[in-house]
Amino acid sequence: MNERCDVAVIGCGPVGALAANLLGRAGLRVVVLEKEREHYPLPRAVHLDHEMMRLFQTAGVIDRVLADMVATDGHLHVGADHGVIRYMGTVGKPKPFGWSNDYFFYQPELEAHLRAAFADNGAIDLRLGATFTALEQQGDGVTVHYDQDGASHTLAARWVIATDGARSRCARRSASRSTISISRSPGWSSMPKSKARSRSRRSPACRPMPISSACR
Ligand SMILES: Cc1cc2nc3c(=O)[nH]c(=O)nc-3n(C[C@H](O)[C@H](O)[C@H](O)COP(=O)(O)OP(=O)(O)OC[C@H]3O[C@@H](n4cnc5c(N)ncnc54)[C@H](O)[C@@H]3O)c2cc1C
C-alpha cells in the first residue's frame, strides 16, 4: 500500500463535505470516499441557523452557499391535518453572530456547492463510487479498505472521520482510536442528544471512539 493521506472522510453527505472543506482549508490532505456516483437528489435537512453560517465562513464556502439560503424569522411546523405542531420564532431576537437566526435551504443545492468548493479549498480528493468496506488500526494510523470500479483498494490515513450517515457502517463496525464519528445518529441532529451532552463536557468536538479489533 503506497497511498497516504492525513484524513479519510467516509461518506460525502453534507456533514462529510463540510468536514472535508474545513480540513482542506487547514492544509490537510483529505480523501473523501462516497459510494454513490451522484449526491442524493431529494432534500432531507431543510433548516440551519447562524452558527452554521459561521461554519460555512470558516470553511471558505459562504460565497457559494449564501445565494441559496432563505433567511427567516423562525419556522412553523404544520401537521398533515393542517394543525400547528409548534412555532419556533426568532422575531426581534439578537443576532449575535451577524447572521439571521434561521435559514431554509434545498439540500441537493447545498451539497453541490460544498462539493464544488473542494476544487478551491485545499487538497481534497473526492472519490465517487467508492464504497468503504473495512478499516484496521495500524500504529498511529488506519488502513482504509474500499471498493471502486469492481476492485478492492486500500488507503493509509492518519485519521478517519465516519460521516456515512445514520446507519454508519464505519462508526458502528469499525471502532478505532483514529476514528471520529460525526454523522451516526437517528433523527435530525448529528449526534444523539444524550451522547452529545456527555461528549461536550470532554471536548467541543466529537471524541475519538475507543480502540477495538478491525471490523472485517
Ligand atoms: C425525511 C427526512 C427529513 C429530514 N429532515 C431534516 C431536517 O429538517 N434537518 C436536519 O438537520 N436533518 C434532517 N434529516 C436528517 C438528514 O438526513 C441529515 O441532517 C443529513 O442528511 C445528514 O447528513 P450526513 O452527511 O450526516 O449523512 P447523509 O446525508 O446520510 O450522507 C451520508 C453519505 O455517506 C454515504 N455512504 C454511506 N455508506 C457509505 C459507505 N460504506 N462508503 C462510502 N460512502 C457511504 C452515503 O451515500 C451518503 O452520501 C432528515 C432526514 C430524513 C430522512
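Residues numbered from 1 in each chain as written. Predicted model: local features only at pLDDT ≥ 70, side-chain atom pairs only at ≥ 80, totals over all residues.

## Section: helix α1 (residues 14-25)
- In this model, α1 (twelve residues) spans 16 Å end to end at C-alpha, consistent with the 16 Å of a helix rising 1.5 Å per residue.
- For α1, a buried count of ten out of twelve residues is recorded, marking the element as mostly surrounded by other parts of the structure.
- Listing the buried residues of α1 in full gives Pro14, Val15, Gly16, Ala17, Leu18, Ala19, Ala20, Asn21, Leu23 and Gly24.
- Buried residues belonging to α1 abut β1 (4-10), β2 (29-34), α2 (50-58), α4 (107-116), β8 (123-128) and β11 (151-162).
- Directly after α1, the chain includes Gly27, whose backbone phi takes a positive value near 90°. (Helix = DSSP H or I, 4+ residues; strand = E, 2+ residues; numbered from the N terminus. Expected span 1.5 Å × (residues − 1). Buried ≥ 20, exposed ≤ 12 C-beta atoms within 10 Å, placed from the backbone. Contact = placed C-beta atoms within 7 Å.)

## A few points about the pairing of strand β10 (residues 141-148)
- The sheet contact formed by strand β9 (residues 130-138) and β10 spans eight bridges and is antiparallel. Directly across from Phe132, in β10, lies its bridge partner Tyr146.
- Connecting β9 to the antiparallel partner β10 that follows it, the hairpin turn spans two residues, and Gly139 within it adopts a positive phi of roughly 60°.
- Remark: two residues form the turn of the hairpin made by β10 and β11, two consecutive strands paired antiparallel; Asp149 in that turn has positive phi of roughly 55°. (Pairing = 2+ DSSP bridges.)

## A look at the packing of α1 against α4
- At a minimum axis separation of 9 Å, α1 and α4 run at an interaxial angle of 25°. When the interaxial angle is binned, α1 and α4 end up roughly parallel. Our pair here, α1 against α4, has a crossing hand that is left-handed. Between α1 and α4, the contacting residues are Pro14, Ala17, Leu18 and Asn21 on the first element and Gln107, Leu110, Glu111, Leu114 and Arg115 on the second.
- The class makeup of the residues in the contact of α1 with α4 is five nonpolar, two polar and two charged. (Axes fitted to C-alpha atoms, helices over the stretch in contact; angles between N-to-C directions. Parallel < 35°, antiparallel > 145°, perpendicular 65-115°, else oblique. Left-handed = near helix turned anticlockwise from the far one by under 90°. Nonpolar A, V, L, I, M, F, W, Y, C, P; charged D, E, K, R; others polar.)

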